[in-house]
Amino acid sequence: MSTEFIQGIDEVGSEQKSRVTDWTWNGAQVVEHTGKVAELYSKIPIFSRQPFRVGAEENRFKDEIRREPLTISESPIPIATVSKDYSLIQHREVLASIFRALKLINIDISELQSTLLLSEYGERMQWSCNLPHFDFDPGDKCPIVLRINCLNSVDTTTLFDISFGWYRLVCSNGMMFGLKESRFRRRHVQSLDPGGIATYLGEELKQMPEQKSLYREWLEHPVEQKQLESWVDENVADAWGPHAAARTWNIINDGFDGDVEQARDCKPHELTVRHSCKVPGACAPVGNVFHVSQALSWIAGSRKTITERLEYVKAIPRLIKPLTDAAARTRS
């Protein structure tokens, strides 16, 4: 690891903050830390692998993963059992490799604020950070920033995964970067190579002009009330259920999210939603595909489990496609 990265990792800056969130991750609590990458590095636990045994009897096929003590008064905590073939990749190693990979393509994040999410025992990690000099205005005067997201686990529940997301600064709800499934995934069978990661990141960032054009096109694609009714009742309800569809309908028409009242024999767009909060940047009543996508992003960001949030955000381009296809047919 380069000395410029580890310099000061034991000196937590005044801007570093942490909190227990109301999200869960495979049933475990989630702790959120925010700060510079060097500050967050010291918050990441270290894990070890040990023989999986009781007394003198050892399992020939399994090892045990343990979290090493975080303080002098703690003891190791058992985390999971893994195959003898499993290669343990530390969260710290992942973060250091991404940091170095970004440096290789001339992106320095050392002074930027980033976010670290850890499950209760630290076995699962999500780290994310805005990338400098990639922000743009799609045309509605609400800037969008590009954010790099990384997932890793030491208990086999999550593959190492890097992806990009666009985030509106007005409300911090995100859309996945990439027209196709553009994610870097690697099973825990080998060490991380910053050079390989840098190549992947560079190739993904070449798509940025196409992405900017896409979102500007979405902003210029008008949508009509009747079209949105059927889309909410069919596409959104099929993918996310009638309650999420009803909330989406309420956001794109009134700009508010809330609790859906139970009712029989009602289509999703007909369900009553008791307003609980105004959605920032909703632009209601929505008149174009881009602002419809932002309503979906809000719904995705409101999910209470990390896994669901990621899956919902990934689904947004697929849900938007029927609207863009309809707009294309109208133009032709």
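Above this text sits the structure in question.
The paragraphs below set out a description of the structure included in this document. Everything quoted here is computed from the prediction, not taken from an experiment. (Residues numbered from 1 in each chain as written. Predicted model: local features only at pLDDT ≥ 70, side-chain atom pairs only at ≥ 80, totals over all residues. Heavy atoms only, no water.)

### Here we look at the pattern of salt bridges
Next, step 1: Inspection of the entire model under this criterion finds 19 salt bridges.
Next, step 2: A salt bridge links aspartate 63 to arginine 49; the shortest N-O distance between them is 3.1 Å. Here arginine 49 lies in strand β3 (residues 47-54) and aspartate 63 lies in strand β4 (residues 57-67), a separation of 14 residues in the sequence.
Next, step 3: Two residues, lysine 321 and aspartate 325, come together in a salt bridge whose shortest N-O distance is 2.9 Å. On the criterion of helical spacing, the pair formed by lysine 321 and aspartate 325 is a turn pair, its members being four residues apart in helix α9 (residues 306-331).
Next, step 4: By relative accessible area, aspartate 325 is classed as partly exposed at 30%.
Next, step 5: Taken together, the shared-partner salt bridges connect Arg49, Arg53, Glu58, Asp63 and Lys84 into one network. (Salt bridge = Lys/Arg side-chain N within 4 Å of Asp/Glu carboxyl O. Helix = DSSP H or I, 4+ residues; strand = E, 2+ residues; numbered from the N terminus. Buried < 20%, exposed > 50% of the residue type's maximum accessible area, 1.4 Å probe, protein only.)

### Digging into helix α7 (residues 242-254)
The α-helix advances 3.6 residues per turn, and as a result positions three or four apart in sequence lie on the same side.
Next, step 1: For α7, spanning 13 residues, the distance from its first C-alpha to its last is 18 Å, which sits close to the expected 18 Å at 1.5 Å a residue.
Next, step 2: Taken together, the buried positions of α7 are occupied by Ala244, Ala245, Ala246, Arg247, Thr248, Trp249, Asn250, Ile251, Ile252 and Asn253.
Next, step 3: Where α7 is buried, its residues contact α6 (225-240), β12 (256-260), β13 (273-278) and α8 (289-301).
Next, step 4: Directly after α7, the chain includes glycine 255, whose backbone phi takes a positive value near 80°. (Expected span 1.5 Å × (residues − 1). Contact = heavy atoms within 4.5 Å.)

### Description of the sheet that holds β3
Next, step 1: The strand order across the open sheet built from three strands is β3-β4-β5, with neighbouring strands paired in antiparallel fashion. Of all strands in the sheet, those with a lone pairing partner are β3 and β5 (77-83), marking the two edges. When the angles between neighbouring strand axes are averaged without regard to direction, this sheet yields 40°.
Next, step 2: Alignment of β4 against β5, held across six bridges, turns out to be antiparallel. Pairing of arginine 67 across the sheet is with isoleucine 77, part of β5. (Pairing = 2+ DSSP bridges. Axes fitted to C-alpha atoms, helices over the stretch in contact; angles between N-to-C directions.)

The analysis is restricted to geometry; functional conclusions fall outside its scope.
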